[in-house]
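# Structural overview
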Amino acid sequence: MGAELTDLDFIRRVRGICGQKNVLTGTADLEFFGSDRTRLATPAPLAVAFPGTTEQVVDLVRLAASAGRSVVPSGGRTGLSGGAMALRGELVIAMDRMNTIKAFDAINQSVVCQAGVVTAQLQAYARDRGLFYPVDFAASGSSQIGGNIATNAGGIRVIRYGMTRQWVSGVKLVTGGGDVLDLNRGLTKNNTGYDLRHLVVGSEGTLGIVVEATMQLTTSPPPSSVVCLALAKLDAVMEVSRAFKASSSLSAFEFFSEAAMKAVVASGETRPFDTIAPFYVLLELDADTESRVDAAFNCFERCVREAWVMDGVISQSGEQAARLWRLREGISEALAPLQPYKNDLSVTPSQVPVFLAEVEEVCRSHYPDFSLVWYGHIGDGNLHLNVLKPEQLTAAAFHERCNEANEKIYQIVQSLGGSVSAEHGVGLLKRGALARTSTPPELAILRHIKSAFDPSGIMNPGKIMPTIPDS
Ligand code: 2HG
Ligand code: ZN
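The rules behind each value
- Residues numbered from 1 in each chain as written.
- Chains lettered and ligands numbered in written order.
- Predicted model: local features only at pLDDT ≥ 70, side-chain atom pairs only at ≥ 80, totals over all residues.
- Heavy atoms only, no water.
- Near = heavy atom within 4 Å.
- Polar contact = N/O pair within 3.5 Å; in protein donor to acceptor, adjacent residues only side chain to side chain.
- Areas by Shrake-Rupley, 256 points an atom, 1.4 Å probe, with all protein chains shown as cover.
- Nonpolar A, V, L, I, M, F, W, Y, C, P; charged D, E, K, R; others polar.
- Salt bridge = Lys/Arg side-chain N within 4 Å of Asp/Glu carboxyl O.
- Pairing = 2+ DSSP bridges.
- Helix = DSSP H or I, 4+ residues; strand = E, 2+ residues; numbered from the N terminus.
- Axes fitted to C-alpha atoms, helices over the stretch in contact; angles between N-to-C directions.
- Contact = heavy atoms within 4.5 Å.
- Donors = N, O, S within 2.8 Å, 3.2 Å for Na, K, Ca; no water.
- Buried < 20%, exposed > 50% of the residue type's maximum accessible area, 1.4 Å probe, protein only.

### Here we look at the site of ligand 1
In the region of ligand 1, the neighbouring residues are Leu80, Arg328, Ser332, Lys342, Tyr375, His377, His384, Asn386, Glu423 and His424. Here an oxygen atom of ligand 1 sits 3.0 Å away from a polar atom, N or O, in the side chain of His384. One nitrogen or oxygen atom from the side chain of His424 is found 2.8 Å from an oxygen atom belonging to ligand 1. Look at ligand 1: alone it shows 300 Å² of surface, and the protein chains cover 89% of it. Here the shell around ligand 1 is composed, by residue class, of two nonpolar, five polar and three charged.

Encoded structure:
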C-alpha cells in the first residue's frame, strides 16, 4: 500500500503517529537532527520525528518499511564517524522525548531508562542514590544512552570499568522489521544461546532502534587524585605505566602530545607547569588512604629519578583535578575549528610505542607538511590521531592525501593486529577501512545478521556496511 506514498502523504502519516508538533521539516531542523559532529556532508533527511512511546517507534518503523523509506536513528548526535548522518530523504527518528528513567532497583543496582536519557542525567541519578554510572567522556552532557549503546561508547575510564557494553544488562530494540525484542531483561546469568543483546551494542542503528535499556550501576569510587606528567620521550610512557600500575590503583591513564596541549591552552586552559615536553600523561588514581597518597608521591619521585618524567603535578583539590582533566577532555573541542582529519585507532597497550613511532615515521617521510596531534586513552591502547590541514592545501586535496596516508597507517594497524575504529564506530567514515581488519567471511556474516534484523534494509543505510543502498 504505502509504496506509492508521496513525500507529503508520508509526512502526514508520520504526523498521525507522533502528533503534529512532534514532526519537524524545516531546513534548519533537518540539518541539525540529520547530522552528527562529523558534518561529513550536507544532511538532507525528509523529516524528523520525535516519538513518545515504543508503540510510536514501532508504527514509524512499520510505516517506513511499507513505504520503502529509510530510517536514521538519532540520539545526542555527538558521534565522530557519521553514524547519525541522514543524507538522502530518510526519516530521522530522534529519541529526545523518550528521556525518562523509569525504574531503579537497589538490590540489582540497576535502572531502566529510555533511550533518550542523557549520560550525565544517568550519572547524576546514580550519584543521588549513592551509586555510580562509570562510563564517562567529554560529550556526557549531551550524548544519550541509546546512542551510547548503539556505538558502545568508551571514554576515559575504560581501563577500570570497560565500555558501555559492560553496563547493559538488558536492551529493548525495535527491529527494522518492526518487532520489539526485550533482550536479556536485566539478568546477570542467562546462557540461552546467542546473546542478541550484545549484537545490538555497537550496531550503530543498522539493526533497529534502541528504545529502552537496563543499565547496571556500581558502588561509588573512592576519593581520587589526578596526576599530570611531562614525559621526556615516548618510550617513557610504558615505564611510567608499569610503575604506577604496580604502586597505585588506576582508574584512568590518558595521553596527549605537545601539539594537543598547545591547542587546549590556546582555547583558554592553563598549562599545569612551565616545562614543555613532547608528551604528557594524565593519570587518575585512588587516593583514599595516606599510604596510597604516599605511594603515588614515591612513584612520581622514582619516575623523575629514572628520567622518564621531566615535571609533574598531583592534584590537591577536586577543583584542581577538574582543571587537569580539562587539559585532556578539552582537546577534541579545541581542535574542532581547525577541522582535523580524525583517526581513532587501537592496538594492545604494550604495542602503543611501536605503533606510534611507525606512524610518525611514515608521516615524516611521506607527509612532512602534515601536523600530527596525538591524544587518547593510552592505557587501553586507543589513540586519536588528528591531522591538521597544511595551509596551502585545499580541503579536498587534504582529504585525498589523508585517505592515501591512511592506506599506509592501516597497514601498520593491520600488521599489529589493531583496529581501525577503537571507540567511535564505523559509521560512514570508516566503512571503507573495515575490510582491513575484518575478513570476507566476517563481513558476509555481518550482512546476514543485518538482514535478519532488518529484512527490508531500511535501518541507517550505508552505516557500517561497505555500500550505500539506493533509497
Ligand atoms: C576523546 O577521547 C574523544 O577526546 C574525541 O573520543 C576524540 O575528537 C577526537 O578525535
Ligand atoms: Zn576518545
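There's more to say after this.
### Looking at the pattern of salt bridges
Applying the stated criterion across every chain yields a total of 22 salt bridges. Salt bridges sharing common partners tie together Arg160, Asp286, Asp288 and Arg292.

### Re the sheet that holds strand β16 (residues 341-346)
The pairing of strands in a sheet comes from backbone hydrogen bonds and takes either a parallel or an antiparallel form. The antiparallel open sheet is built from seven strands, whose spatial order is β15-β12-β14-β13-β17-β18-β16. Each of the sheet's edge strands pairs with one partner strand only, and the pair in question is β15 (309-314) and β16. For this sheet, the mean inter-axis angle between neighbouring strands, taken without regard to orientation, is 15 degrees. In this structure, strand β12 (residues 224-231) lies alongside β15, joined through five bridges in antiparallel fashion. Within β15, the position partnered with Leu229 by the bridge is Gly312. Strands β16 and β18 (382-388) of the sheet are contacted by helix α14 (residues 395-415), whose axis makes an angle of about 10 degrees with β16.

### Some words on the side chain of Thr175
Among the structural elements, Thr175 can be located in strand β8 (residues 168-175). Aside from chain neighbours lying at most four places away, what touches Thr175 is Val61, Leu181, Leu207, Gly208 and Phe453.

### Structural notes on the coordination of the zinc ion (ligand 2)
For the zinc ion (ligand 2), every protein donor is listed as His377 (NE2), His384 (NE2) and Glu423 (OE), and the spread of their distances is 1.9 to 2.1 Å. Taken in chain order, the donor set of the zinc ion (ligand 2) reads H-x6-H-x38-E. Here the residue His384 occupies a position in strand β18, and Glu423 occupies one in the loop between α14 and α15 (434-437), the gap between them amounting to 39 residues. Each member of the pair His384 and Glu423 is classed as buried.

### Concerning helix α9 (residues 258-266)
Buried within α9 are the following residues: Glu258, Ala260, Met261, Ala263 and Val264. In this structure, the buried residues of α9 make contact with β13 (250-257), β14 (279-286), α11 (318-329), α12 (331-335) and β17 (371-377).

### Let's talk about the pairing of β17
With six of seven residues buried, β17 lies mostly within the body of the structure. Two elements, β13 and β17, share two bridges in a ladder whose sense is antiparallel. Within β17, the position partnered with Phe255 by the bridge is Gly376. Bridge count between β17 and β18: seven bridges; the pairing is antiparallel. Counterpart to Gly376 in the pairing with β18 is Leu383. Between the end of β17 and the start of β18, which pair antiparallel, lie four residues, with Gly381 showing a positive phi angle near 85 degrees.

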